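# Geometric and topological summary
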Amino acid sequence: MKNLTRRALFTFGAFASLAVLSFLGIDALPGDGCTALHGRFATPAKIAECREEHRLNDSVVVRLGNWANDAVHGDLGYSIKRDDQVAQIVLPRIRNTAMLAVVAGLMAFPSAIVAGLLIGRYPQSRVGRIINTLGLVAMTLPEFVIATILWLVFSIWIPIFPGVTVVPSNATILELLPHIWMPALTLAAVVFAHSMRTMKAGVTTVKLMPFVESARLRGTGERVTLLRHILPAALPPVVNTIAVDAAWLLTGTFVTEAVFNYRGLGRLAIDAISDRDTAVILPIVLFGLGVYLTMSLIADMLVRLLDPRLRQRS
Amino acid sequence: MNTILQFDQVCVEARDRHRDMTPILQSVNLRVEMGEKLGIVGGSGSGKSTLLRIAAGVLSPGLHHTSGKVSTAGVNMLAVDPKVRQQMYGSTVALVAQSLGEALTSHLTIRAHFHDTLGHDVNDETILSSLGDAGLDGVKYLQRFPHQISGGERQRILLALALVRSPSLLLLDEPTSALDVGTAADVLATIIKLQELRGFALICVSHDLGVVGRVSDQVVVMNRGQIVEHGLTERVLATPSDSYTQSLLASIPRLHVRMRTPQLSVQPPVVIVHELTVIRNGSTRALDSVSLKVGKGEVVGVIGESGSGKSTLLSVISGLVSSSSGSIHNGNGFDLSTPLRNRPRAVLSEIQMVFQNPDDSLNPVRTVEQSMSRYTNANRDEVLVALDAVELSAQFLTRRPSEMSGGEKQRVAVARALLMHPQLLLLDEVTSALDVTVQASVVKMLASLQAARGMSMVMVSHDIALIASLADKLIVLRNGKVVEQGSVDAVINSPIDPYTQHLVNLAATAIRK
């Protein structure tokens, strides 16, 4: 328990210090909200006036302090360029990306664990080999190629899913649902093979371990041996793979979102960066940070649950 | 009489990647009756484990059954449907494979192990009575995970699990090789008691004639895939007829047989350890106020069970582990608590260590010459001299660890230590991974090496007879404390401490002759 508290505190500390670094880093980039607002029509006078109005001339420490204080109180700031509260811009996008990630994750991870378990246990199976090969191909193909193939199959040849998203970013979940399957399927295809192959490798090693043979020779049934002896021993590396992939699903989906015109965080990040809209970039960066740190924390906790030897030390 | 196991002309071969065949079992014939107790002994590679495993219809990867028939409880084990075979496990035949504590599933409690074997509707009373028969009392075991119990307890749990469905044939592979001498004796006693109680047929494989002598009525001696001798245990141990059996018996270290004459004169010290204490994990005293002097040319034997601190003592002397209090100096007064990286090269080369398992201490991708010259800057002539000292020829220069036997690998490890011309050689269970016959030759080599070079040695072992055959002085460690210390004859002939007495008694009765 002590270890876990320390680990959680470390995660928080890492987040806070990386947040400060991100703020300073983004601040050091050329351009700010005012140059973004005026763009090509900027004159020194307009910029100076704008900066005065939005207190951008304060020192970086003061602005960081103000921003942090507001953020802790739930105010993520104001986008000069978009003339809106940052929270109003970012939160619906986070919701959309999270929905996409959850659907893609549910498609990919459970099936990857089952497939990896069975392929690892029965490597001679023909179906297993086909799944393994398809997974590998999907993993190596760029997302836009997979997206194009899926689009061709499910939007043109068998038109069951819409090819592009035509609903606004703040649409209700029900309105969004029909548009989620294609990008989710693309993302699932990309990550499926990672965890499937980690699972398969784990099972291949674990099934030859002395305790598995020992269980069999005591008369433990094949199904019980596979599910209670082999599976939990092979899972820890898969948990870590899934954590990294899940974090990627929440933060790295901009190509897929762009292909399907899906209004998620990835699209927003690309737009905000090309607009130099620093007020919007910052929370997106921090969200990514938080996601990666949280995922590895969760993965560590799960691995501890799986292995009593680690649990005791904590 | 009912025959429970029958081998007819069984042949097994190992095939490597190049499809080269090595015979593992050659036309083995064997019959075991119900209720019989059979021991199988032999060196590593003799095929004894293969013989045992094939009785349960199991072949390790890379092995192929080429001819002959194995019939267990009337079932042709190698031809029958795997599903039928699977159903026999636990109910007709049970195999407890050799494993250094890895035969239990680390993420399952002991209760879960029983549930998986017996079904989930089984009640705790059944489990407890099964554990009780194996000498484990108490509900506390049910909730525990394998890492929370000792090696001896794990072996008892494996026995209980194997016997819980009353098989008529129990196969044991090296049931005590991972256990301390005392624990091993207790576990063997439990095995004998269980066999008398239940009347199952027992086949026990071991490299240790002492183990086999205790549990069996009949003994089979194997060498190179063949049964070279088969007969009543007492007869075979007393008057072996086969030459291999004779050499096996002659190789066993005896308490009162010395490989060298103990030196009792006081020599200038090469290492002085004074009230040394090592604290691990905050509070555990791995070593508790240990004092020790090693004289020039003296051989000090350190004996104790696992966890007694004997390996820690070597690690502290070598500098791999730092002490918490106390002092340690070499003969010139240099402070050996100095971290390794701050020691002058001359001091570093003075003390060399050889580890328990040569597979861990030799890099598998390097040849002997590369391994030996890599960090020692020795040239080929020096390497050859060192190899010659351990009785290896120049042919070995280009061999890799996979191309050598266990004994040859350990000789290379010793030779590498010799390159530094050490004054003190630390030997950590250097023969425990070796066969008895190989062990005897390595011990003989160490004795002549010591005589030729006049080196001091500190030898750690769990085998009191082995260590007594080489040492001048014995130190007995228990829970980090020195419980007895003295000349080898004094300790062996009139041990004072009860623990030492126990060890000496066990060693004296190890083989009934």
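Only a predicted model underlies this, so the values are computations on that prediction, with no experimental measurement involved.

Criteria and thresholds
Residues numbered from 1 in each chain as written. Chains lettered and ligands numbered in written order. Predicted model: local features only at pLDDT ≥ 70, side-chain atom pairs only at ≥ 80, totals over all residues. Helix = DSSP H or I, 4+ residues; strand = E, 2+ residues; numbered from the N terminus. Buried ≥ 20, exposed ≤ 12 C-beta atoms within 10 Å, placed from the backbone. Rg over C-alpha atoms; globule rule 2.2 N^0.38 Å. Axes fitted to C-alpha atoms, helices over the stretch in contact; angles between N-to-C directions. Parallel < 35°, antiparallel > 145°, perpendicular 65-115°, else oblique. Left-handed = near helix turned anticlockwise from the far one by under 90°. Contact = placed C-beta atoms within 7 Å. Nonpolar A, V, L, I, M, F, W, Y, C, P; charged D, E, K, R; others polar. Pairing = 2+ DSSP bridges. Right-handed = clockwise from strand over helix to strand, strands pointing away. Core = buried A, V, L, I, M, F, W, Y, C linked by C-beta atoms within 7 Å. pLDDT = per-residue confidence, 0-100.

The secondary structure content of chain A amounts to 15 helices and two strands. With respect to the principal axes defined by its C-alpha atoms, chain A has extents near 85 × 55 × 30 Å. Expressed as a percentage of the 314 residues in chain A, the buried residues total 36%.

Helices and strands together make up the secondary structure of chain B, namely 19 helices and 19 strands. Relative to its length of 513 residues, chain B is compact, with a C-alpha radius of gyration of 25 Å against a globular reference of 24 Å. Across its three principal directions, the C-alpha atoms of chain B cover 70 × 55 × 45 Å. For chain B, the proportion of its 513 residues judged to be buried stands at 48%.

What follows deals with the packing of helix α13 (residues 265-275) of chain A against helix α14 (residues 278-306) of chain A. All names here are of chain A. Closest axis-to-axis distance for the α13/α14 pair is 9 Å, and the angle between their directions is 140°. On the basis of their axis angle, the class for α13 and α14 is oblique. Read as a crossing pair, α13 and α14 show a hand that is left-handed. Side by side, α13 and α14 meet where Leu265, Leu268, Ala269, Ala272 and Ile273 of the first sit next to Val280, Ile281 and Ile284 of the second. A breakdown of the residues in the contact of α13 with α14 according to their chemical character gives eight nonpolar, no polar and no charged.

Time to look at the pairing of strand β18 (residues 473-478) of chain B. Residues and elements named next belong to chain B. Burial runs high along β18: six of the six residues are buried. Here β18 shows a buried face lined by Lys473, Ile475 and Leu477 and a second buried face lined by Leu474, Val476 and Arg478. Pairing between strand β13 (residues 299-303) and β18: four bridges, direction parallel. Among the inter-strand pairings, Gly301 is bridged to a residue of β18, identified as Leu474. When β18 meets strand β19 (residues 481-487), the two strands line up antiparallel, connected through six bridges. Among the inter-strand pairings, Ile475 is bridged to a residue of β19, identified as Gln485.

Between chain B and chain A, the residue contacts involve 23 residues of the former and 21 residues of the latter. Counting residues per element, the ones that place at least two in the side of chain B that touches chain A are β6 (93-96), α3 (110-118) and α5 (151-163) of chain B. Its residues assigned to classes, the side of chain B that touches chain A comprises eleven nonpolar, nine polar and three charged.

Turning to helix α10 (residues 310-318) of chain B, a few remarks are in order. All names here are of chain B. With seven of nine residues buried, α10 lies mostly within the body of the structure. Buried within α10 we find Lys310, Ser311, Thr312, Leu313, Leu314, Val316 and Ile317. At the exit of α10 stands Gly319, carrying a positive phi of roughly 95°.

Residues and elements named next belong to chain B. Within strand β8 (residues 201-206), six of the six residues are buried, which leaves the element mostly enclosed by the surrounding structure. Going residue by residue along β8, you find Ala201, Ile203 and Val205 tucked away on one face and Leu202, Cys204 and Ser206 tucked away on the opposite face as well. Summarising the sheet, strand β3 (residues 37-42) and β8 pair through five bridges and their orientation is parallel. The residue of β8 that forms the bridge with Gly39 is Cys204. The pairing of strand β7 (residues 169-173) with β8 spans five bridges and is parallel. For Leu170, the partnering residue across the bridge sits in β8 and is Leu202. On the question of chirality, the crossover connecting β7 to the parallel β8 by way of helix α6 (residues 181-198) is right-handed.

Ranked by size, the top nonpolar core spans 202 residues in total, and within it Ala94(B), Leu171(B), Val458(B) and Met459(B) carry the most contacts. In terms of residue count, helix α9 (residues 181-206) of chain A provides more of this core than any other element does, 13 residues in total. Discounting chain neighbours no more than four positions away, the residues touching Leu171(B) are Leu52(B), Ala55(B), Ala56(B), Val93(B), Ala94(B), Leu95(B) and Ile203(B). Counting 17 residues, the second-largest nonpolar core is a separate cluster that includes Ala36(A), Leu37(A), Leu265(A) and Ala272(A).

Turning our eyes to something else, we now look at the environment of Ala94(B). Looking at the element boundaries, Ala94(B) is found in strand β6. In this structure, the C-alpha to C-alpha distance between Ala94(B) and Leu163(B), residues 69 residues apart in sequence, is 7.3 Å. Here Ala94(B) is in contact with Leu217(A), Arg218(A), Tyr89(B), Ala162(B), Leu163(B), Pro167(B), Leu170(B) and Leu171(B), once residues within four sequence places are set aside.

Let us now look at the confidence of the model for chain B. On average, residues of chain B score 89 in pLDDT, and 98% of them reach the 70 mark or higher. Two numbers describe this predicted complex: its pTM, 0.82, and its ipTM, 0.81.

It is worth spelling out the sheet that holds strand β2 (residues 21-33) of chain B at this point. Residue and element names in this part refer to chain B. Read from one edge to the other, the open sheet built from four strands follows the order β2-β1-β4-β5, with strand pairing classed as antiparallel. Both edges of this open sheet fall to β2 and β5 (75-76), since each of them pairs with a single strand only. With eight bridges connecting them, strand β1 (residues 3-15) and strand β4 (residues 63-72) associate as antiparallel partners. Within the sheet, the bridge partner assigned to Asp8 lies in β4 and is Lys69.

Residues and elements named next belong to chain B. A positive phi angle, close to 55°, is found at Asn377, a residue other than glycine. Topologically, Asn377 is positioned in the loop between α13 (368-373) and α14 (380-389). A positive phi is found at His421, a non-glycine position, where the angle reads about 50°. Summarising the element assignment, His421 is placed in the loop between α15 (406-418) and β16 (424-428). Here His421 falls in the partly exposed class, since 13 other C-beta atoms lie within 10 Å of it.

What follows deals with the sheet that holds β18(B). All names here are of chain B. Overall, mixed pairing links the six strands, which are arranged β15-β16-β17-β13-β18-β19 in an open sheet. Each edge of the open sheet is held by one strand with a lone partner, namely β15 (351-354) and β19. Each neighbouring strand pair of the sheet contributes to a mean axis angle of 15°, computed without reference to strand direction. In this sheet, strand β17 (residues 456-461) lies alongside β13 in parallel orientation, the contact comprising five bridges.

Along the chain, Asn66(A) falls in helix α4 (residues 60-72). Residues Asn66(A) and Gly77(A), eleven residues apart in the sequence, show an inter-C-alpha distance of 9.6 Å.

The next thing to look at is the environment of Trp181(A). All names here are of chain A. Along the chain, Trp181 falls in helix α9. We classify Trp181 as partly exposed; it has 18 C-beta atoms within 10 Å. Measuring from C-alpha to C-alpha, the distance between Trp181 and Met107 comes to 9.9 Å, with 74 residues separating the pair along the chain.

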